[in-house]
Amino acid sequence: QVQLVESGGGLVQAGGSLRLSCAASGRTFSMYVMGWFRQAPGKEREFVAAISRNGVSTHYVDSVKGRFTISRDNIKNTAYLQMSSLKPDDTAVYYCATGTVATARDMARYSPTYWGPGTQVTVSS
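Residues numbered from 1 in each chain as written. Predicted model: local features only at pLDDT ≥ 70, side-chain atom pairs only at ≥ 80, totals over all residues. Heavy atoms only, no water.

Taken across its 6 residues, strand E5 (residues 46-51) has 5 buried, putting it largely inside the fold. Bridge count between strand E4 (residues 33-39) and E5: 5 bridges; the pairing is antiparallel. Its bridge partner lying in E5, methionine 34 is registered against isoleucine 51. In this sheet, strand E6 (residues 58-60) lies alongside E5 in antiparallel orientation, the contact comprising 3 bridges. If you follow isoleucine 51 over to E6, its bridge partner there is threonine 58. Where E5 hands over to E6, the hairpin turn is made up of 6 residues, of which glycine 55 adopts a positive phi near 80°. (Buried < 20%, exposed > 50% of the residue type's maximum accessible area, 1.4 Å probe, protein only. Helix = DSSP H or I, 4+ residues; strand = E, 2+ residues; numbered from the N terminus. Pairing = 2+ DSSP bridges.)

What follows deals with the pattern of salt bridges. What the rule picks out here adds up to 5 salt bridges. The shortest N-O distance in the salt bridge between glutamate 46 and arginine 38 comes to 2.6 Å. Take glutamate 46: its relative accessible area is 30%, and that puts it in the partly exposed class. For arginine 38, a relative accessible area of 6% translates into the label buried. In this structure, aspartate 90 and arginine 38 form a salt bridge, with 2.9 Å as the shortest nitrogen-oxygen distance. Of this pair, aspartate 90 sits in the loop between strand E8 (78-83) and strand E9 (92-99) while arginine 38 sits in strand E4, and the two are 52 residues apart along the sequence. Residue classification places aspartate 90 among the buried residues on the basis of a relative accessible area of 2%. In this structure, a network of salt bridges that share partners links the residues Arg38, Glu46, Arg67 and Asp90. (Salt bridge = Lys/Arg side-chain N within 4 Å of Asp/Glu carboxyl O.)

By themselves these figures say nothing about function.
Spelled out as C-alpha cells, the structure:
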C-alpha cells in the first residue's frame, strides 16, 4: 500500500512556473516508478510525465516536453514536477500516481494503482 499526497499547486500567470511535490508513505518508494497525470475540466485524465525508480529515465507527453521536468528524491520519498513556461492549457488538477509498472514509458500506457488526491493548477492568460 502506498499513500501519495500532492502539494504546490496554485494560481500563476501564463509564462510563470510552479513546482509540484508528491510525498509518498512507506519505505519502498525507491521500488516504484512515479508519474504525474492531469485532468482539465471536461476532459479525460491524461499522462504528463514519469520517472524510473532510480531517476535516470524519464518520459513526457509531447505537449510538456522542454517545459516540465520530473525528478525524485528517494531519501525524502518525494517526487517533483517542475513546470515552466506555463500556458492556460496547462490548467488542470494534477495527480501523482504510481503502480507496478516496469518503466517510465509503461506509466503512460497502464493505469497506475495508487493515486494522490490531486492539486489544482490554474494558469491565467
